[in-house]
Amino acid sequence: METQGAARMGSQKYMMFLKEMSQLILTEMPKANYDSLFNDFVESEFFLIDGDALLITCFLAQSFQPGQNLHFFYLVERYLVDLISKGGQFAIVFFKDAEYAYFNFPELLPLRRALILHLEHNTTVDVRTTFSGCLSQEWQTFLEDSYPYFLIVADEGLNHLQTHLFNFLIIQSWAMKVNAVLSSGQVSDFLRLYAYFMPSKHKNQMFFQKNKNNIENAYKTLIKKLEECRVLALGHLFGNFKWENMMEEAREMISLLKELWPEGSDIRRVLCVTSCSLFLSLYHSVLENRSQTPAAQKTNTQQGERRGPALREAEDLCRLRCLAAVFLLRAPLPQRARTRVVASRWTEEIQTALQMKNWCDYFILSNINVFEFWNLNLTHLSDLSDELLLKNIAFYYEEENVQGLHLNLGNVITKDYEHLWDTVSKLVRKFDVGKPFPLRTTQLPFLKKAPSLIKDTFKEKMPNLGFIPMSCQVVDKFVGDILKDLPFLVSDDPAVTSLVRQKEFDELVHWHSHRPLSDDYDRTKCQFNEKSRDPHYLRSVQKYHVFQRFYGKSLESVSSKLLVTQAAKPRRNFCEPKSKKAQETKAEIITRENKKRLFAKEEQKEEKKWDVLSFSIEEEMQENLSSGIKNLEDFLKSCTSSSVKFRVEMVGLKACLKAWKEHCRGKGETTKDISIAVQMMKRIHSVMEKYPELLQEADQQLIARCLRYLGFEELASSVHPSQVTGNDIKEKKKNKYSVGIGPVRFQLQHMGQYLVREERKDPDPRVQDFIPDTWQRELLDVVDNNESAVIVAPTSSGKTHASYYCMEKVLRESDEGVVVYVAPTKALVNQVAATVQNRFNKNLPNGEALCGVFTRDYRHDALNSQVLVTVPACFEILLLAPHRQAWVKRIRYVIFDEVHCLGGEIGAEVWEHLLVMIRCPFLALSATISNPQHLTEWLQSVKRYWKQADSMMAKNAASRRSAGTRTGVHRDYALPKQSYKVRLVLYGERYNDLEKHICSMRDGGIQFDHFHPCAALTTDHARTVLRNLRPVSVVSSENMADLFPLLVEKLSQMKKLPALFFLFNLGDVEQRAGSVKTFLEQKQQIKRPPKADKEAYDMANKLRKVKKSMEKQKTVDEKSQKKPRKMDQSLIHDAEYDHLLRVLEKNLEIPQDCTYADQKAIDTESLQTVFERVKFTRKGAELKALARRGIGYHHSSLNAKEKQLVEILFRKGFIRVVTATGTLALGINMPCKSVVFAQNSVYLDALNYRQMSGRAGRRGQDLMGDVYFFDIPLPKIEKLIKSNVPELRGQFPLSMSLVLRLMLLASKGDDPEDAEAKVLSVLKHSLLAFKQPRALEMLKLYFLFSLQFLVKEGYVDREGNPMGFAGLVSHLHYHEPSNLVFVSFLVKGLFHNLCQPTRRGSKCFSQDVMERLVLVLAHLFGRRYIPAKFQDANLKFYQSKVFLEDLPEDFKAALDEYNVNVTKGFASFLLVVSKLADMKQEHQLPLSKIDFTGKECEDSQLVSHLLSCKEGRRAVSPFACLSGNSDADLLHPETPDHVTQCTIGISNISAPVLWPQRLDNQGRRMPLNAYALDFYKHGSLLGLVQDNRINEGAAYQLLKDFALTIQSISISLRELCGNEEDNVVLAFEQLSETFSEKFKKI
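Note that the structure is a prediction, hence the values are computed from the model and not measured.

Caption draft 1: Representation of the overall build of the chain within the structure. If you tally the helices and strands in the chain, you get 60 helices and 31 strands. The buried share among the 1642 residues of the chain stands at 57%. If you take every contact in the chain between residues at least 6 apart in sequence, the share linking residues at least 24 apart comes to 80%. Approximately 72,100 Å² of the chain is accessible, and the part contributed by carbon and sulfur atoms is 50%.

Printed below as a string of structure tokens:
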């Protein structure tokens, strides 16, 4: 009894610990990042999927009906195919212990076994089933070897015991530094899969380490409880039968079948007969045991046994099961998809029998290995059971057949059925199971009576299938070819007649919904008013331009050019050799002589300079060779004379030889300092390559002598084959001076970065600052020929020079031409703008500017400049603006920087729109595209379209002119003729090498393991070589975040700064920078004398007193004339003050070894200028404090001034340590010696790796760059090196808002012809549909669906003209579908009902009204979901409510109505588009490609009767139909994507619905985060971090976007409303003002 009590106590203790574990996981859930698991079609990280999480996620899918095995397998395979198509590389893991969780769910036991067998035998998926549990040693070893990046796992099981199992898996994964991804809440779109990502944090790793014993004991306790469940579950069904006995009987049954069917068979037949036989045998024994046991002797277990049917009834059930198996064999999927839906449930007795049958299925499948060496076909493991079909058969025999409906089975089915039943009768030896017919020998009902036994889903009301006729040129030209095949509604159809404009809400009579709204350009904050002549304004403009030039000079040391407009000159091909002139003119002779004299004069000047410096440099080289050589190389960089450079190099060579001889004499036989030999060879290389014509014999002798001292005898002889004299190197001394290896190996091993690169020597007159390579000259030719080009070249290779040449060309041509530079980020926009303003200068007419900027935050000189630098979304606004066409026609070139963003996560479709809308030539630049040929072909097809369109427009213009029409004549047709050719320019070489190093914690400090040089080879070579050259993987249990300052210090000691440290979590970027600063402060504090702080305090007090005395003295002096004595007193005070100040500054001065800042890098005035700009910014004070220590951080939440501070000071060399997110990866010019990847992330992929590592060793800065991997697993490092960069694939290009914006442009454009051409180009040239005719047809249909929706909602009329609130909808296009819902609320008068002032006539609104308004807007524009499971957490919130409450009832009802209307339209669209489905593929499982088509079973009346539902199954997947899903389900909000056919290429994401609540994969409601409303109430950013679990930087960005949205709505409403006293307008203005005030106080 005591032992049992102790066990109970222990069990309770561990169950309490399980709750503690659950709470830990729950608190981490809201902090989870909702991110894409895959980026840009790169080969993904290797990851794991927990097989049981996959099983229950698909089993609990809303569309799935338990018992429909084939549909279940379809769901599994569709999910896996989605992962694979997005680049997923994974393994699926099924733990043996996890099977225990299903003993209370016997229907899942055979399903799980079948799933494992199916994945192993019918797919190529990596399936692991050997691990006993997640705490086993073999599992830990597997994780260490494979190092998966994340594990997809469920957060909740079928019961609390399985949930605990999942929790163990999450905790153990975190302990092994494997991140957890929740299987619930996942959403897939065309390119990505979004999921909740819970990273492995150090505190969670420590939780496992500290509680390891508790975790292991709790796990054992849990498994023991689950084993008890098995005993109870079997006892209730099978009485006293033991597990082992039933397993043995199953094996005997299988062995007996092998004798009966020696030729083999397929799994469906085998499982049917063996399982039925085993069930009947066991059930017979169970009934016998019950009958033989006296009532008085019955045990508790037997009393708990469930009562099943009589034996004859069980035989009938098995007959039905055998017939159903034959139906599976003979009826193909297209026929089975028409199965009637039986609404009745099984009776209690039959449910018990079916549970026993499920156990028997499991026993058979568990012993499948007994079939070894027997011909067993496992192809159809996915189709072992169809409960709906079984119910249909049961229903027929007990209802319809009894009522007189007699249908034959058909010969084939009868024969198959008899064969199966005969086999069952032979396998069951204990009793006679009876004849195969009749199928029902008993009267017991198997199905419960229900009001509606057969569910006619297809009779649900579907909207009339057809499109509303439209008369519009855009429609005719884009979709005219398919209109004839589409159904159209007749004129008297209710959908058409209801289009008559209904009377709007009464309060809207004063609203001018047709009034054109100001666009985003007008509303963007204008930094400067171009027309103002206010002196204060002019000073601020001047100050801005001065800073821009200062910023530009920090970017590059290029002198500014004054450009003058000139007439276009005939183009010249600079690739052709120059033809010699027959005779020089007198002027040319004079010019040549003048140049010659100037050159001689310059050379004399350089010689004098060297004569002055040579003595000090030579002396320095004698004392310290490396320091002296650095000074010598600095002189060489500034020198322009070849003869002087040659003299300097020879001086350096002699110094190196002398140093080498002295070093070797001193070292003897010990290890030599190879760096001296390297410097000697550098000088020899330089002399031999650059100045061969200046070499004299004495110089050659010196070079040969140097080579002989190094031991390179043959090389020396080739330079100067003279004999060695007795005074020279003697044979016996060779070993003393020799480097010990051959010259080739020495140069490859020690001089890789110094070896001469192949570079052209001939200058190009088009470029003054450098000598371009051949491929760069090709780019210049492209610009000269007005061609377009896709340019793919490595980071830092110099591809942007073509951009500036292009700008210069356009600036010189005229004062009207415009170049648009499109950059992906605001930081890059600011950088390019500063560079342009620094490079170029031009005298322009009044009101015109050289460079302008347009971003979402601010703009200046955007439309009155010749070079506009902008982001894609803002350029799209200008291109789609109907009244900006005149400006658009001035564009001569567009430069797309980092064009690989076309495949990015956010805004990628905008890049696509821009590329197809521009009519002028373009340059598309990128360092990382793996399929540039495909991209170029697509862009060439776009240019062919524009060639035809331009030609047609020119003809029309000419015909109008000849007809005397004055309209439509545009200056753009008189522009220089462009070429419509798109060139592909590829360049694959980096100028400098990258050395890779792996950081680890060993021997009490940071250590670096050099990654073998083969890692720097091209990826094709690296794949085969890396395997044998990998360093030892070191996994540290240390908190790597704590070690970060030590890493920085180590790099500083190694002189590897400046360095960029890339992290991917915004909070960590700031935290790591702060930790380095703290480290330096502590270091300073340790070194600081004990009394230093007191002395500083005393001096500060003295300073205050002296200053006070000075001020007092000054006041006295002003009142009375100064006397000499008083003047002396004043001077004494000044001197004392200056002395005290100097002493205090010295006391507080940061020691040189306690800061990474280089004080000499920038003058005090410039530093103060940079600091002054961030005086009042949010992070300004923090950034200044960090900067003084030489530290900075850079991420997207900083404003432009804060980013520029870090960028400028880093480039100047003052800041030498910067932590950053990927914002610096996209083209920002921040050269450095080292790049450190300091955090693993899903965003650290092949693309970002190449972009980020390219910052190290920039051309002209370093010959060698260093890349360090800190806390990145070795398999990930190898993958980054081996992986290819991403392919660019098209996004889904259309949305409701885009279609509306296109129709606005087409109908309202100033130049209708040009506008229509642009619209058609966007519609016709989707990258997704390039060379994909089916995809193009699908897009055409989606375009029609969008138009139909816009027509029905009253935004477009039947002629395609915008109407109603179309302007407001299009203005809020960032927020689809919330923009559509917002306008529907406005039109229904809901905002007018809500926005009632505090009293009649008042213009103020109560706090309650404001909060309700924020609640509504948060539902529309601030949607951020929290995992459903987090609601179970028992947490206390201090300031926030966290969970957003539901919409007010009237708004919710209006939203429901809107959603129903949209869903009906989308369902109709899916029915029409279903004709595009590939039905061959639709009847195959997506991954295994197992085909379920075949000849329909036509000779059986029963089959035809049961499978007769032909209607309502057009747009739904035939696999989903097996669970009773039909077209009518498309009208239901909860219908998921995987119900529709997978080959039509459209998903529910494309429907503009906004469901008031979202359910996850398990049907649980996912709450919205109330961050916007919570902030409005308490105004605390810290509250959002603490309670809402949002990172500070992310919360700031979210609030900023929300504030901008409210402001945008407020301005729009004011412009639309004619009544100044309108309550809605006033309420939004009040809200915008109060929310902005709260936000500014952060």
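Back to the write-up after that little detour.
Caption draft 2: View of the side chain of K391. Topologically, K391 is positioned in helix α15 (residues 387-400). Comment: no salt bridge for buried K391; closest opposite-charge side chain is E387, at 4.3 Å. Within the structure, K391 has its side chain in polar contact with the backbone oxygen of S344 (distance 3.0 Å).

Caption draft 3: How the structure looks around the pattern of salt bridges. With the rule as written, the count across this model stands at 66 salt bridges. Here R683 ties to E649 by a salt bridge, and the two come within 2.6 Å at their closest N and O atoms. Here the residue R683 occupies a position in helix α24 (residues 674-690), and E649 occupies one in helix α23 (residues 642-667), the gap between them amounting to 34 residues. Both residues of the pair, R683 and E649, count as buried. A salt bridge links D1560 to R1564; the nearest nitrogen and oxygen atoms lie 2.9 Å apart. Across the pair, R1564 and D1560 agree in class, each one buried.

Caption draft 4: Local environment of the packing of helix α10 (residues 267-292) against helix α14 (residues 348-366). In contact at an axis separation of 8 Å, α10 and α14 are set at 120 degrees when each is read in the N-to-C sense. Considering the angle they form, α10 stands oblique to α14. Relative to α14, α10 is oriented so that their crossing is right-handed. Within the contact between the two elements, α10 uses I267, L271, T274, S275, C276, L278, F279, L282 and Y283 and α14 uses A353, M356, K357, C360, D361, F363, I364 and L365.

Caption draft 5: Structural view of the nonpolar core. Ranked by size, the top nonpolar core spans 462 residues in total, and within it L80, W359, L923, F1343 and F1382 carry the most contacts. Apart from the residues within four sequence positions on either side, L923 is in contact with V782, V783, A789, I791, A802, S803, C806, Y893, V894, I895 and F896.

Caption draft 6: Region of interest: the sheet that holds strand β26 (residues 1191-1194). Read from one edge to the other, the open sheet built from seven strands follows the order β24-β23-β29-β28-β25-β27-β26, with strand pairing classed as mixed. Strands with a single pairing partner mark the edges of an open sheet, and in this sheet they are β24 (1005-1011) and β26. Taking the axes of each pair of neighbouring strands and ignoring which way they run, one obtains an average angle of 25 degrees across the sheet. Here strand β23 (residues 993-1002) pairs with strand β29 (residues 1264-1270) via seven bridges, running parallel.

Caption draft 7: View of the environment of H900. Looking at the element boundaries, H900 is found in the loop between β20 (891-896) and α34 (908-917). Taking relative accessible area as the criterion, H900 reaches 4% and is therefore assigned buried. In this structure H900 touches S926, A927, T928, I929, L1226, L1247, Q1251 and L1288, once residues within four positions along its chain are discounted.

Caption draft 8: View of the packing of aromatic side chains. For the structure on display, the rule yields 68 aromatic pairs. On the basis of an interplanar angle of 55 degrees and a centroid distance of 5.3 Å, the ring pair of F1602 and F1635 is categorised as tilted. Taken as a pair, F1602 in helix α59 (residues 1592-1616) and F1635 in helix α60 (residues 1623-1640) lie far apart in primary sequence, 33 residues in all. Neither F1602 nor F1635 differs from the other in exposure class; each is buried. Clustering of aromatic rings is evident, with ring pairs tying together Y100, F103, W243, W359, Y362 and F363. The lysine or arginine in question, R230, covers the ring of W243, its NZ or CZ lying 4.2 Å from the ring centre.

Caption draft 9: How the structure looks around the pairing of strand β5 (residues 150-153). The alternating pattern of β5 places F150 and I152 on one face and L151 and V153 on the opposite face, and all of these are buried. With two bridges joining them, strand β2 (residues 46-50) and β5 adopt parallel strand pairing. Along β5, the bridge assignment pairs L48 with L151. Both β5 and strand β6 (residues 179-182) contribute to a ladder of four bridges, which runs parallel. By the bridge assignment, I152 is partnered in β6 with V181.

Caption draft 10: Structural view of the sheet that holds strand β17 (residues 849-854). Strand order across the open sheet formed by eight strands is β18-β17-β19-β15-β20-β21-β14-β22, with mixed pairing between neighbours. What marks the edges here is a single partner per strand, and that holds for β18 (859-860) and β22 (982-986). In this sheet, strand β19 (residues 865-870) lies alongside strand β15 (residues 818-822) in parallel orientation, the contact comprising four bridges. Within β19, the residue paired with V822 across the bridge is T870. Across the face of the sheet, helix α35 (residues 932-962) comes into contact with β14 (788-792), β21 (922-926) and β22 while running at roughly 160 degrees to β22.

Caption draft 11: Here's a closer look at the packing of helix α29 (residues 774-784) against helix α30 (residues 801-813). At a minimum axis separation of 9 Å, α29 and α30 run at an interaxial angle of 30 degrees. The angle between the axes of α29 and α30 places the two elements in the roughly parallel class. The handedness of the crossing between α29 and α30 is right-handed. In this structure, α29 uses Q776, L779, L780, V783 and D784 to contact α30, whose residues at the interface are H801, A802, Y805, C806 and K809. Residues of the contact of α29 with α30, tallied by class, amount to six nonpolar, two polar and two charged.

Caption draft 12: Quick look at the side chain of N179. Along the chain, N179 turns up in strand β6. The class for N179 is buried, based on a relative accessible area of 7%. Among the polar contacts listed, one links the side chain of N179 to the backbone nitrogen of S200, at a separation of 2.7 Å. With near-sequence residues (within four places) excluded, N179 lies in contact with Y149, F150, L151, W174, F197, M198, P199 and S200.

Caption draft 13: Summary view of unusual backbone geometry. A cis amide bond links L1057 to the next residue, P1058, at an omega of 5 degrees. Tracing the backbone shows P1058 in the loop between α37 (1040-1053) and β25 (1059-1062). Look at the link from E1376 to P1377: it is a cis peptide, with omega at 5 degrees. Along the chain, P1377 falls in the loop between α49 (1366-1371) and α50 (1378-1387). Not every positive phi belongs to a glycine, and N786 is a case in point at roughly 55 degrees. Mapped onto the elements of the fold, N786 is located in the loop between α29 and β14. Phi is positive for V1442, which is not a glycine, with a value near 75 degrees.

The rules we used
Residues numbered from 1 in each chain as written. Predicted model: local features only at pLDDT ≥ 70, side-chain atom pairs only at ≥ 80, totals over all residues. Heavy atoms only, no water. Helix = DSSP H or I, 4+ residues; strand = E, 2+ residues; numbered from the N terminus. Buried < 20%, exposed > 50% of the residue type's maximum accessible area, 1.4 Å probe, protein only. Contact = heavy atoms within 4.5 Å. Areas by Shrake-Rupley, 256 points an atom, 1.4 Å probe, with all protein chains shown as cover. Lys, Arg positive; Asp, Glu negative; His and termini not counted. Salt bridge = Lys/Arg side-chain N within 4 Å of Asp/Glu carboxyl O. Polar contact = N/O pair within 3.5 Å; in protein donor to acceptor, adjacent residues only side chain to side chain. Axes fitted to C-alpha atoms, helices over the stretch in contact; angles between N-to-C directions. Parallel < 35°, antiparallel > 145°, perpendicular 65-115°, else oblique. Left-handed = near helix turned anticlockwise from the far one by under 90°. Core = buried A, V, L, I, M, F, W, Y, C linked by side-chain atoms within 4.5 Å. Pairing = 2+ DSSP bridges. Phe/Tyr/Trp six-rings, centres within 6.5 Å; stacked < 30°, edge-to-face > 60°. Lys NZ or Arg CZ within 6 Å of the ring centre and 35° of its normal. Nonpolar A, V, L, I, M, F, W, Y, C, P; charged D, E, K, R; others polar.

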